[in-house]
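Structural overview
The chain contents come next:
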Amino acid sequence: QVQLVESGGGLVQPGGSLRLSCAASGIIFSVYAMNWYRQAPGKQREWVAGITSGGSTNYVDSVKGRFTISRDNAKNTVYLQMNSLKPEDTAVYYCNALSTHHYWGQGTQVTVSS
């Protein structure tokens, strides 16, 4: 059974930082591209960042220079380091694993507010 379990969300002030984690089980993690998406209230789900099985990364323009995606294949975990957070980063953040199939986590809430 495939599971993606996100953690690390919470409430943070503007300018603050959070690190999200997504622990995967039931898949050969190293062959999957891993992505982070987010969905703000009333908006469509948006792709935020991705990392290939080879470690190449890419980001949506709105987070470039502030967010960093990384992976630890030994721990079957992908991370999203989020710095200089803004209120517009408030959303539920979802982990996604993509290969011949794709899988989703349950999401973790990130709220940026003073």
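The preceding data block contains the structure.
This one's a predicted model, so the numbers in the text were calculated from it and none came from an experiment.

Further remarks concern the overall build of the chain. Across its full length, the chain holds zero helices and eleven strands. The order of helices and strands in the chain, counted from the N terminus, is β-β-β-β-β-β-β-β-β-β-β. Relative to the 2.2 N^0.38 estimate, which gives 13 Å for 114 residues, the radius of gyration of the chain is 13 Å and therefore close to what a compact globule would have. Along the three orthogonal principal directions, the C-alpha set of the chain runs to about 40 × 25 × 25 Å. Counting every position in the chain, which comprises 114 residues, the buried fraction comes to 41%. Taking all contacts inside the chain whose residues are at least 6 apart in sequence as the whole, residues at least 24 apart take part in 52%.

A few words on unusual backbone geometry. Positive phi, normally seen in glycine, also occurs at asparagine 76, with a value near 55 degrees. Among the secondary structure elements, asparagine 76 is positioned in the loop between strand 7 (67-72) and strand 8 (77-82). Assessed through its relative accessible area of 25%, asparagine 76 is described here as partly exposed. Not every positive phi belongs to a glycine, and serine 84 is a case in point at roughly 50 degrees. Residue serine 84 is classed as partly exposed on the basis of its relative accessible area of 41%.

With that settled, the discussion passes to the pattern of salt bridges. Throughout the structure, instances matching the rule amount to four salt bridges. Between glutamate 46 and arginine 38 there is a salt bridge, and its shortest N-O distance comes to 2.8 Å. With relative accessibility at 31%, the residue glutamate 46 sits in the partly exposed group. Take arginine 38: its relative accessible area is 7%, and that puts it in the buried class. For arginine 66, the salt bridge is made with aspartate 89, and the minimal N-O distance between the two is 2.7 Å. With a gap of 23 residues between them, arginine 66 in the loop between strand 6 (57-59) and strand 7 and aspartate 89 in the loop between strand 8 and strand 9 (91-98) connect regions that are remote in the sequence. For the pair arginine 66 and aspartate 89, one class covers both residues: buried.

Rules of the game
Residues numbered from 1 in each chain as written. Predicted model: local features only at pLDDT ≥ 70, side-chain atom pairs only at ≥ 80, totals over all residues. Heavy atoms only, no water. Helix = DSSP H or I, 4+ residues; strand = E, 2+ residues; numbered from the N terminus. Rg over C-alpha atoms; globule rule 2.2 N^0.38 Å. Buried < 20%, exposed > 50% of the residue type's maximum accessible area, 1.4 Å probe, protein only. Contact = heavy atoms within 4.5 Å. Salt bridge = Lys/Arg side-chain N within 4 Å of Asp/Glu carboxyl O.

By themselves these figures say nothing about function.
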